[in-house]
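If you want the building blocks of each chain, they are given just below.
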Amino acid sequence: MVETPLISVIITAYNVEKYIRQCIESLLAQTFASIEFILVDDGSTDRSGEICDQYAQQYERIQVIHRPNGGPSAARNAGLAIARGKYIGYVDGDDWIEPEMYQKMRLRGTELLKKAFEVNNGAEKMNPTGNVLVLSKMEAMELYIMGDKQYHIYNSVWSKLFLRSLIDNLRFQEGHKSEDIMYTTCTLGKVETCVFVDELLYNYRIDRTDSIMNSKLEERRFEDEIPFIREQIAYLKGLGMVDLSEKASYQFYRRLLYYYLDFRKRKMNRAARKIIHFLREEKYKIVQIYRKEYVPMGDRVRMQIALHIPVIYYLLSTLYSRFIIPLKQ
């Protein structure tokens, strides 16, 4: 390959032989021409690596890296080490993308964000507007932390196209899952502007029972997600974004309540008790943050019940989900 591609896409593949062909075919179907694909076989024990090699033999713009299994962070870092593009994208080997994705993301010469399409039985319907939003750093950060009914910036790196100069000194923390949280936070902390494309362009498979996201749930939440979110909160405060740091704390405590309910539903009672212990340890800080004007009254009531009588909170939430939500729908 002589010509330097404008975009490098790094694809991680670990035991995805059932899906990797669909993924690669969707990459090759891209309408944007100046693009290279780096397939990283992360120590697969099935035919994933062999399939990747077959495509590399046929297509010049596909490269394959074979490495011992080290997880998605290490695999992505390996791909970054040889990527040549001005922009960097990521795709998981069990997903696939729409043909015009990178063509539409390659707008205005800045890093772009897009909406993702989650595919499985019963996936929530999404109604994209087709709007393209140009966001300042603070607008993007606010949207990332607090969300919006229509627009949402995900933690996931596969939902973004990164300007290479912004991430040259940034690498994924190896040996961890949920590494996207800090990678995305640090990148948004460096941008001047970014673009949000409100279209369904990425197909994310969420029904694999053997995937990393579905295995060792308790370990992932306590050893990866919670520490990374705490790191995010501290990082925002270190940037002088105190209000945004507090909003991130509010979202963190809301997430812990979700974890508590989810653990209880799964009969993982030890993990559920650990969540309540975390919340009670930070009760004073929670009280301060939950006084903010952006915290709805309903959230304040839920947190008070959870802190004082968690079993009642679980029972009330279960009844609400079983009877009230169906009535609303």
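The structure reproduced in this document is the subject of the present report. Just so it is clear, the model here is predicted, and its values are computed rather than measured. Chains are numbered independently. Their residues run from 1 in the order of the written sequence. Only residues with pLDDT of 70 or above have their local features reported here, since the model is predicted, and side-chain atom pairs are shown and tallied only from 80 upward, although totals for entire chains, interfaces and linings are computed over all residues. Side-chain figures throughout are based on the complete set of non-hydrogen atoms in the structure, without hydrogens or water.

**Notes on the pattern of salt bridges**
So, step 1. Any Lys or Arg side-chain nitrogen located within 4 Å of an Asp or Glu carboxyl oxygen qualifies as a salt bridge. Applying the stated criterion to the full structure yields 20 salt bridges.
So, step 2. The shortest N-O distance in the salt bridge between Arg270 and Glu218 comes to 2.4 Å. A residue pair is termed long-range when its members are at least 10 positions apart, and Arg270 in helix 10 (residues 269-281) and Glu218 in helix 8 (residues 217-238) qualify at 52 residues.
So, step 3. Assessed through its relative accessible area of 52%, Arg270 is described here as exposed. By definition, any uninterrupted DSSP run of H or I lasting at least four residues is a helix, any uninterrupted run of E lasting at least two residues is a strand, and each is numbered from the N terminus. Only protein chains enter the calculation, and the probe is 1.4 Å; a residue is then buried if its accessible area is under 20% of its type maximum, exposed if over 50%, and partly exposed in between.

**Observations concerning the pairing of strand 2 (residues 35-42)**
So, step 1. Burial analysis of strand 2 places eight of its eight residues in the buried class, which makes it a mostly covered element.
So, step 2. Both faces of strand 2 are covered, namely the face carrying Ile35, Phe37, Leu39 and Asp41 and the face carrying Glu36, Ile38, Val40 and Asp42.
So, step 3. At least two DSSP bridges between two strands are needed for those strands to be called paired. Two strands pair when backbone bridges link them, and strand 2 and strand 3 (residues 62-67) are joined in this way by six bridges, in the parallel orientation. Opposite Asp41, over in strand 3, you have His66 as the bridge partner.
So, step 4. When the strands point away from the viewer, a crossover counts as right-handed if the route from the first strand across the helix to the second turns clockwise. The parallel pair strand 2 and strand 3 is bridged by helix 2 (residues 48-58), and the resulting crossover is right-handed.

**What to know about the environment of Ile51**
So, step 1. Within the fold, Ile51 resides in helix 2.
So, step 2. Spatially, the C-alpha atoms of Ile51 and Ala29 are 17 Å apart, while their sequence positions differ by 22 residues.
So, step 3. Note on definitions: a residue-residue contact is assigned when non-hydrogen atoms from the two residues lie within 4.5 Å. Setting aside residues up to four positions removed in sequence, Ile51 forms contacts with Glu17, Ile20 and Arg21.

**Quick notes on the side chain of Ser178**
So, step 1. Structurally, Ser178 is set in the loop between helix 6 (164-167) and helix 7 (180-188).
So, step 2. Beyond its immediate stretch of four places on either side in the chain, Ser178 contacts Arg220, Asp224, Glu225 and Phe228.

**Structural notes on the nonpolar core**
So, step 1. Ranked by size, the top nonpolar core spans 100 residues in total, and within it Tyr90, Tyr102 and Leu279 carry the most contacts.
So, step 2. Apart from residues lying up to four places away in sequence, Leu279 is in contact with Tyr253, Leu256, Leu257, Ile286, Met303 and Leu307. Buried residues of nine kinds, namely Ala, Val, Leu, Ile, Met, Phe, Trp, Tyr and Cys, make up a nonpolar core once their side-chain atoms join them within 4.5 Å.

**Comments concerning the packing of helix 8 against helix 10**
So, step 1. Every axis corresponds to a line fitted to the C-alpha atoms, with the helix fit spanning only the stretch in contact, and the corresponding angles, defined between N-to-C directions, vary from 0 to 180 degrees. Look at helix 8 against helix 10: their axes get within 11 Å of each other, and the N-to-C directions meet at 20°. As far as their axial angle goes, helix 10 and helix 8 are roughly parallel. The chirality of how helix 8 crosses helix 10 is right-handed. The residues of helix 10 that touch helix 8, namely those facing Glu218, Phe222, Ile226 and Arg230, are Arg270, Ala271, Lys274, Ile275 and Phe278. Angles below 35 degrees are treated as roughly parallel, those above 145 as roughly antiparallel, those between 65 and 115 as roughly perpendicular, and all remaining angles as oblique. Left-handed is the label given to a crossing in which the near helix is rotated counterclockwise from the far helix by less than a right angle, and right-handed is the label when the rotation is clockwise.

**Notes on the packing of aromatic side chains**
So, step 1. Think of it this way: a Phe, Tyr or Trp ring, Trp meaning its six-membered ring, pairs with another when their centres are within 6.5 Å, and the plane angle makes it stacked under 30 degrees, edge-to-face over 60, tilted otherwise. Applying the stated criterion across every chain, the model contains 17 aromatic pairs.
So, step 2. Ring centres of Tyr55 and Tyr59 lie 6.4 Å apart, and the angle between their planes is 20°; on these two criteria the pair is classed as stacked.
So, step 3. Tyr59 sits in the partly exposed class, given a relative accessible area of 32%.
So, step 4. With 6.3 Å between their ring centres and 35° between their planes, Tyr154 and Trp158 make a pair best called tilted. With respect to burial, Tyr154 and Trp158 carry one shared label: buried.
So, step 5. Aromatic ring contacts, followed pair by pair, group Tyr90, Phe162, Phe172 and Tyr183 into a single cluster.
So, step 6. Think of it as a cone above the ring: NZ of Lys or CZ of Arg counts as a charge over the ring if it is within 6 Å of the ring centre and within 35 degrees of the ring normal. Here Arg221 stacks its cationic end above the ring of Phe263, 5.1 Å away from the centre of that ring.
So, step 7. Sitting above the plane of the Phe222 ring, Lys274 keeps its charged end 4.4 Å from the centroid.

**Considerations on the pairing of strand 4 (residues 87-92)**
The two faces of the sheet receive side chains in turn, since in a regular strand these alternate between them.
So, step 1. Counting buried positions over the six residues of strand 4 gives six, a clear majority of the element.
So, step 2. Alternating residues of strand 4 divide into Tyr87, Gly89 and Val91 and Ile88, Tyr90 and Asp92, and every residue in both groups is buried.
So, step 3. In this sheet, strand 4 lies alongside strand 1 (residues 7-13) in parallel orientation, the contact comprising six bridges. Bridge assignment links Thr12 to a residue of strand 4, and that residue is Asp92.
So, step 4. Bridging between strand 4 and strand 8 (residues 160-163) involves three bridges; their strand directions are antiparallel.

**Topic: helix 3 (residues 72-82)**
So, step 1. Burial of helix 3 is extensive: eight of the 11 residues sit out of reach of the surface.
So, step 2. Among all positions of helix 3, only Pro72, Ser73, Ala74, Ala75, Arg76, Asn77, Gly79 and Leu80 are buried.
So, step 3. Packing partners of the buried residues in helix 3 comprise strand 1, strand 2, strand 3, strand 4, helix 6 and helix 7.

**Side note on the environment of Val287**
So, step 1. Following the sequence through the fold, Val287 ends up in helix 11 (residues 283-289).
So, step 2. Measuring from C-alpha to C-alpha, the distance between Val287 and Arg300 comes to 8.8 Å, with 13 residues separating the pair along the chain.

**Focus: helix 7**
So, step 1. In terms of burial, helix 7 is largely enclosed, as nine of its nine residues are buried.
So, step 2. Listing the buried residues of helix 7 in full gives Asp180, Ile181, Met182, Tyr183, Thr184, Thr185, Cys186, Thr187 and Leu188.

**Here's the deal with the side chain of Gln251**
So, step 1. Considering the arrangement of structural elements, one finds Gln251 in helix 9 (residues 242-265).
So, step 2. In this structure Gln251 touches Ile145 and Met146, once residues within four positions along its chain are discounted.

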